[in-house]
Amino acid sequence: MYQTNESKKLFFEAQKTLVGGVNSPVRAFKSVGGTPLFIKKTEGAYIWDEDNNKYVDFVGSWGPAIVGHTHPEVLEEIVKVAQNGFSFGAPTKRETLLAEAINNALPSMEKIRLVSSGTEACMSAIRVARAFTGRSKILKFTGCYHGHGDSFLVKAGSGVATLGLPDSLGVPESVASNTLVVPFNDPGQLEEMFARNKDQIAAVIVEPYIGNAGFIKAQPGFLPFLRKITGENGSLLIFDEVMTGFRVAFGGVQILEKITPDLTTLGKVIGGGFPLAAYGGKKEIMDMIAPLGPVYQAGTLSGNPIAVAAGQKTLEILSRAGSYTHLSEVTQNISSLLVEEGKNAGFKVVSDSAGGMFGFFFSASLPKNFEEVKVQCSQELFNTFFHAALREGIYLAPSAFEACFVSLAHGSSELLTCKNGFRKAFQALAANNQ
Ligand SMILES: *Cc1c(COP(=O)(O)O)cnc(C)c1O
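Residues numbered from 1 in each chain as written. Predicted model: local features only at pLDDT ≥ 70, side-chain atom pairs only at ≥ 80, totals over all residues. Heavy atoms only, no water.

Concerning the site of the ligand
The immediate surroundings of the ligand are formed by Ser117, Gly118, Thr119, Tyr145, His146, Gly147, Glu207, Asn212, Asp240, Val242, Met243 and Lys268. Between an oxygen atom of the ligand and a side-chain N or O atom of Thr119, the distance comes to 2.7 Å. Tyr145 places a main-chain nitrogen or oxygen 3.1 Å from a nitrogen atom of the ligand. Bound to the protein, the ligand loses 83% of the 380 Å² it would expose on its own. Taken together, the residues that form the shell around the ligand break down as three nonpolar, six polar and three charged. (Near = heavy atom within 4 Å. Polar contact = N/O pair within 3.5 Å; in protein donor to acceptor, adjacent residues only side chain to side chain. Areas by Shrake-Rupley, 256 points an atom, 1.4 Å probe, with all protein chains shown as cover. Nonpolar A, V, L, I, M, F, W, Y, C, P; charged D, E, K, R; others polar.)

Here's what the structure looks like:
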């Protein structure tokens, strides 16, 4: 009999001292209801909770676990590196090697700065964009998440949407008013916004494929249009590839779609499960950052040797022949299973994927932006399905507005678990719906 009593007990205790019992809001299961699972160990494609339930994991720590959890080669590497110390606050050889590996895969990142979180990377990218252009406004898209920097907490998708906070309290109006927001995949509104803010927009920041409003790809022509309109208006184009970087391909969406952004932010995969992120781009822009230039940005733990080693080894494993073919094949299979098994049980399910990430919606057609997600996709059906899948040993992202992630460790055995598990979960959903 499936039960999660230990997690319930731990969550109760956690709430006494930790805000909401968690250290990042989406972990609280508030969107899907119920109690979050407390995880005690991971291996390959699997996670175990404190009640010893085993799940095929499609969260992968929200992306970083792309080579599979607790990969033996990564583990060996970080143990080796840790023996020489945990943090030096001085440069190390490995930081250059990681930056070179990133630059080889993403040539648009001519110069790079390593930081400790995606939030930090995006905040810093905006700062240097403002300095470089001498402009204050930034433009983002509804449903895109760029971390919790003040400027970004305007129509920011997943975690924020999940909690029903349109914005966050504590963000001064003077800051929020410098953030313009338009719907994704809507060139007309973008054009209008540029016309109304002539010579004021420092940068457009975008998740080139959105992973924080469910999974939504850019429609053909949209990213080239974005490149064109930013160029014509003297605004920088920032690709936030914190989620898509080394996830959709070796490199990112910019490689798949052949777009050269001015700046790029990375995180998640490049830290291999440790706190590591990066921003980088055109040399003349990045050279404005201290110690070379007047834009200040620093970090005590930036380029931490253990995080860098985990990132290096993760990228090395990913660079091996066949990695992304495997990720894509398994991901497409999972994606099709959801649509098929949903249909067999009488539900309209749509799904899309790229490399090792996918999303699905209870909807008749794929939404093209967050506005459409909100009107045409059922969150209620998702929530019930989410819990039914847990009972079948499948751990999906605990929100209808999140993408799911596959790792190199996911294969035929996990596909079989999913085929049976999804079928039963959709059947339970159908029974529940009568
Ligand atoms: C996760 C994410 C961030 C924030 O990264 P953190 O490391 O959580 O601060 C920023 N942008 C995108 C697209 C993300 O998915």
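Next comes the rest of the write-up.
Quick word on the state of the cysteines
Taken as a whole and assessed by the stated rule, the structure comprises zero disulfides. Counting only cysteine sulfurs, Cys404 is the nearest neighbor of Cys377, a cysteine outside any disulfide, at a range of 14 Å. Left without a disulfide partner, Cys404 is nearest to the cysteine sulfur of Cys418, which lies 10 Å away. (Disulfide = S-S within 2.5 Å.)

A word on the domain arrangement of the chain
According to the domain assignment, the chain contains domain 1 (5-70 + 322-433) and domain 2 (72-318). Counting residues at the interface gives 35 residues for domain 1 and 36 residues for domain 2. Summed over both sides, the interface between domain 1 and domain 2 buries roughly 2,900 Å², with carbon and sulfur atoms accounting for 67% of that surface. Summed over the shared surface of domain 1 and domain 2, the number is one salt bridge. With its nearest N and O atoms 3.4 Å apart, the salt bridge here joins Lys217 to Asp352. The tally of links between domain 1 and domain 2 comes to 14 residue pairs in polar contact (both at pLDDT 80 or more). (Domains from an automatic or database assignment. Contact = heavy atoms within 4.5 Å. Buried area = accessible area lost by both parts, 1.4 Å probe. Salt bridge = Lys/Arg side-chain N within 4 Å of Asp/Glu carboxyl O.)

Observations concerning the pairing of strand 9 (residues 263-266)
Along strand 9, one buried face is formed by Leu263 and Thr265 and the opposite face, lined by Thr264 and Leu266, is buried too. Sheet topology places strand 8 (residues 236-240) next to strand 9; three bridges connect them, and they run parallel. Its bridge partner being in strand 9, Asp240 is matched across the sheet by Thr265. In this sheet, strand 10 (residues 277-281) lies alongside strand 9 in antiparallel orientation, the contact comprising four bridges. Counted as the bridge partner of Leu263 is Gly281 from strand 10. (Buried < 20%, exposed > 50% of the residue type's maximum accessible area, 1.4 Å probe, protein only. Helix = DSSP H or I, 4+ residues; strand = E, 2+ residues; numbered from the N terminus. Pairing = 2+ DSSP bridges.)

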